[in-house]
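Observations on the model geometry
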Amino acid sequence: LFDPDFRQSDYIEVSGGFKDRADKAGVYIVKAGGEVMIPRRSLFKFRSGNNTISPGDTIVVPLDTDDTQIRGLPLLAEVSTIVYQLSLGAVAIKSFNNN
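Residues numbered from 1 in each chain as written. Predicted model: local features only at pLDDT ≥ 70, side-chain atom pairs only at ≥ 80, totals over all residues. Heavy atoms only, no water.

1. Side note on the packing of aromatic side chains
What counts is decided by this rule: Centres within 6.5 Å are what make two rings of Phe, Tyr or Trp a pair, Trp counting through its six-membered ring; a difference in plane orientation under 30 degrees is then read as stacked, over 60 as edge-to-face, and the rest as tilted. Residue burial is assigned from relative accessible area. The probe radius is 1.4 Å, only protein chains are included, and a residue is buried under 20% of its type maximum, exposed over 50%, and partly exposed in between.
Going through the model one piece at a time under the given rule, you end up with one aromatic pair. Both rings, one in Phe6 and one in Tyr11, keep their centres 5.1 Å apart while their planes meet at 65 degrees; by these two values the pair is edge-to-face. The exposure class assigned to Tyr11 is buried, which follows from its relative accessible area of 15%.

Encoded structure:
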């Protein structure tokens, strides 16, 4: 849930932290309006001046593509989780437009 006092790293920590296969250098934020905030040099230094998390934003931690162990069912599970989360976000945004 949104907490105005949380930083990006707090949200990742509350969600369970980085897993072994996480690409920590590839973390980015998809703003509720669709804008993508990509880190400049380090984990949470963003190019835009708006580096805060707002309600409806999604923090994306991609899989490390150098990991050769991601095959078959684990890969399918990761992909389906990402698709589910993106779909849930799209439905939430659509419900805001209907009101």
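2. Quick word on the sheet that holds strand S1 (residues 28–30)
Our working definition: Strand pairing follows a simple DSSP-based rule, namely that at least 2 bridges must link the two strands. A helix here means a DSSP run of H or I that spans at least four residues, while a strand means a run of E at least two residues long, and both kinds are numbered starting from the N terminus.
Taken in spatial order, the three strands of this open sheet run S2-S1-S3, and their pairing is antiparallel. Both outer strands of the open sheet, strand S2 (36–37) and strand S3 (58–60), are each paired with one neighbouring strand and no more. Here two bridges tie S1 to S2, and the two strands are oriented antiparallel to one another. Paired with Val30 across the two strands is Val36, which belongs to S2.

3. What to know about the pattern of salt bridges
Condition: When a carboxyl oxygen of Asp or Glu is within 4 Å of a side-chain nitrogen of Lys or Arg, the pair counts as a salt bridge.
Applying the stated criterion to the full structure yields three salt bridges. With its nearest N and O atoms 3.6 Å apart, the salt bridge here joins Arg7 to Asp10. The exposed category is assigned to Arg7, whose relative accessible area is 53%.

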